[in-house]
Amino acid sequence: MNEGKNNKNNRGLIAFVLTALVLILLYNAFIIPAVKKAKIKDTNYSFFLKQVDAGTVEKVQIKEDSILFKVKGADGSEQLYSTIKIEDPDLVDRLYKSEKDIDFTGSIEEENPIATFIISWVLPLVFMIVLWLVLMKILSKRMGGLGNAMSFGKSNAKIYVKAQTGKTFADVAGQDEAKEALEEIVDFLHNPQKYADIGADLPKGALLVGPPGTGKTLLAKAVAGEANVPFFSISGSEFVEMFVGMGAAKVRDLFQQANQKAPCIVFIDEIDTIGKKRDGQFSGNDEREQTLNQLLTEMDGFDGKKGVVILAATNRPESLDPALLRPGRFDRRIPAELPDLAGREAILRVHSHKIRTEPDVDYNSIARATAGASGAELANIINEAALRAVRNGRNLVNQSDLEESVEVVIAGYQRKNAVISQQEKEIIAYHEIGHALVAAMQEDSAPVHKITIIPRTSGALGYTMQVDEEEKFLLTREEALAKISTLTGGRSAEELVFNTCTSGASNDIEKATKLARAMVTRYGMSSKFDMIALETVNNQYLGGDTSLACSSETAAQIDEEVNSIIRSAHNKAMQILTDNIGKLHELAHFLLEKETITGEEFMAILKKEQQPAV
Ligand code: ADP
Ligand code: MG
Ligand code: ZN
């Protein structure tokens with residue numbers, strides 16, 4: 001296949017032959033004599049003479065300091081004996097004169113030279129060869145089918161060539177910027193001359209960053225499908241070995257293979273597993289640091305013009321070692337962000353090719369209802385819809401399947417047989433209508449799309465879905481405050497109607513606090529602080545948890561400010577509900593009866609003239 005591999009194989013073979021030789025010599029020097037010895041019984045000289053006289057001795061070998069003789073028993077069985085050699089000049093005479101024809105000229109041990117040869121040389125050799133073949137087979141299986149025997153700790157990068165990933169850029173919807181950047185790389189691999197002529201160097205490496213499920217791995221596979229060059233794919237975790245140095249060896253091997261195959265693409269998925277910042281304080285993970293160092297060296301070591309392009313993907317770019325990100329290594333960063341409205345619709349359409357749908361499905365409305373969903377979630381929604389259609393005995397997916405599966409992905413399956421008491425149902429209905437009413441009565445909040453009090457497997461006992469008319473990229477202060485008011489609306493309704501409060505608002509409280517805190521600490525939207533960053537976001541793509549960057553006095557003030565924002569929002573919600581108490585009762589009873597109502601039904605009741613009190 002190639003020189004490097006053959007060399008490695010030859011080295012393995014030579015090592016094996018030498019080992020086999022040594023083993024066979026040892027076998028001949030110790031094992032065979034020991035076996036032979038076991039066949040020979042020690043006895044005394046007088047026994048020997050008696051046997052000679054009795055005529056049972058068949059063969060005698062006189063050695064330097066012992067005598068070996070074979071006795072044939074009456075029943076025909078043979079036994080070898082050994083005895084001390086005693087100065088006995090009559091012995092030869094005695095043997096000669098024995099009635100039986102005793103053979104005392106030859107050697108007893110080497111009676112059959114061919115058999116001996118087979119036993120001591122051919123058999124062990126055959127055994128060794130069989131062992132070698134079996135070992136090869138096991139190893140080549142472990143090494144990913146490359147027949148790379150005797151090369152422990154080598155990379156198991158899978159080689160993809162065109163069509164094997166089965167993905168192309170057409171499979172990736174949205175992500176236009178990322179695709180554009182990657183298309184340039186593909187073009188470079190197709191005709192490097194064009195770039196060489198003008199003297200341009202292409203980036204050696206590109207780092208795909210973005211939240212989970214936004215299609216980073218998919219994009220890399222699509223590059224492989226488009227590029228028509230060998231594609232090495234390995235996941236960062238595959239470099240992490242139990243033994244120090246193994247990971248580094250794998251990196252070395254991977255790049256060696258890649259260099260031989262250039263032009264080609266190397267893709268390292270989840271690179272943060274090996275690329276974490278090295279910090280002086282912890283000298284904990286030697287193995288990982290060695291692997292990273294090896295990676296850094298290798299990335300410097302190869303010629304960019306040769307056409308090895310390294311792609312990597314991560315959702316924790318901030319944790320990567322800065323040395324990885326400097327020019328000449330992963331100098332290009334390709335963001336794969338959560339899709340916008342158009343992107344979501346495109347992703348839904350791409351995945352809908354796989355399923356059979358009714359012709360009038362409105363993907364736009366589904367896309368609008370799924371703000372913030374990743375590509376993977378959207379793919380899941382399509383699949384859930386298809387499953388639901390099958391469950392309901394239909395052979396085409398319709399709009400309601402899709403709508404229901406949006407909720408399944410957001411909130412889990414319906415818990416159809418959850419038993420909830422009437423009293424609790426009432427509280428839940430008022431709570432949800434509280435949210436919806438507060439939302440509807442404020443100018444800066446999104447219209448209500450759906451309200452339901454059917455419990456879900458996620459633990460939600462009901463929810464109010466709001467869907468923006470159009471995609472929003474900015475959040476104004478007014479919208480943020482309106483959102484917090486809406487979130488407090490559920491609890492407000494409980495307080496107003498039942499004069500109590502329940503644990504059902506815990507999720508609302510969490511969300512409201514998070515938003516209010518962000519307003520104060522990161523968006524500069526509070527009256528108390530100016531544009532100061534009081535918190536920093538740690539990993540923006542994974543949940544976005546934050547850490548405080550201020551004194552503890554300021555932290556106390558932040559808490560106060562957050563509390564006052566939420567309190568005033570809560571008061572506002574209370575006010576709205578108090579002013580519309582009639583509608584609150586009417587809508588809550590309607591919801592109790594229907595369990596799920598649409599935004600239109602909700603608005604129809606809301607807009608209807610208030611019935612005069614009887
Ligand atoms: P990650 O960014 O976490 O590597 P993946 O590339 O593994 O995400 O995406 C998971 C799945 O989500 C893909 O297999 C694909 O079905 C779907 N997906 C994600 N983004 C897109 C997209 N832009 N277009 C089409 N499908 C997508
Ligand atoms: Mg991935
Ligand atoms: Zn609520």
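Structural data are supplied above this passage.
Residues numbered from 1 in each chain as written. Chains lettered and ligands numbered in written order. Predicted model: local features only at pLDDT ≥ 70, side-chain atom pairs only at ≥ 80, totals over all residues. Heavy atoms only, no water.

J.: Honestly, the site of ligand 1 in this entry has me stumped. Any pointers?
T.: In the region of ligand 1, 16 residues are neighbours, and Ala173, Gly213, Lys216, Thr217 and His351 sit closest. Gly215 places a polar main-chain atom, nitrogen or oxygen, 3.1 Å from an oxygen atom of ligand 1. Here Thr217 contributes a side-chain N or O atom positioned 2.6 Å from an oxygen atom of ligand 1. Burial of ligand 1 by the protein chains amounts to 80% of its free accessible area of 560 Å². Counting residues per element, the ones that place at least two in the shell around ligand 1 are α7 (216–227), α12 (341–352) and α14 (375–391). A per-class count over the shell around ligand 1 returns seven nonpolar, seven polar and two charged. Lining the shell around ligand 1 are residues from two domains, each supplying at least three of them: domain 2 (158–335) and domain 3 (341–410). (Near = heavy atom within 4 Å. Polar contact = N/O pair within 3.5 Å; in protein donor to acceptor, adjacent residues only side chain to side chain. Areas by Shrake-Rupley, 256 points an atom, 1.4 Å probe, with all protein chains shown as cover. Helix = DSSP H or I, 4+ residues; strand = E, 2+ residues; numbered from the N terminus. Nonpolar A, V, L, I, M, F, W, Y, C, P; charged D, E, K, R; others polar. Domains from an automatic or database assignment.)

J.: Whenever I open this one, the side chain of His431 confuses me. Can you help?
T.: Residue placement: His431 occurs in helix α16 (residues 422–440). You can call His431 buried: its relative accessible area is 7%. Of the polar contacts made by the side chain of His431, one reaches the side chain of Asp508; its length is 3.0 Å. (Buried < 20%, exposed > 50% of the residue type's maximum accessible area, 1.4 Å probe, protein only.)

J.: What is the right way to read the coordination of the zinc ion (ligand 3) from this model?
T.: Around a metal, the perfect tetrahedron of four donors has angles of 109.5 degrees, and the perfect octahedron of six donors has angles of 90 or 180 degrees. Protein coordination at the zinc ion (ligand 3): the donors are His431 (NE2), His435 (NE2) and Asp508 (OD), at 2.0 to 2.1 Å from the metal. Spacing between the donor residues of the zinc ion (ligand 3) along the chain follows H-x3-H-x72-D. Taken together, the residues His435 in helix α16 and Asp508 in helix α18 (residues 506–521) connect sequence positions 73 residues apart. Taking relative accessible area as the criterion, His435 reaches 7% and is therefore assigned buried. (Donors = N, O, S within 2.8 Å, 3.2 Å for Na, K, Ca; no water.)

J.: What should I look at first to understand the side chain of Ser492 in this one?
T.: Counting through the fold element by element, Ser492 comes out in helix α17 (residues 477–498). According to the relative accessible area criterion, Ser492 is buried, its value standing at 0%. Beyond its immediate chain neighbours, meaning those up to four positions away, Ser492 contacts His570, Ala573, Met574 and Leu577. (Contact = heavy atoms within 4.5 Å.)

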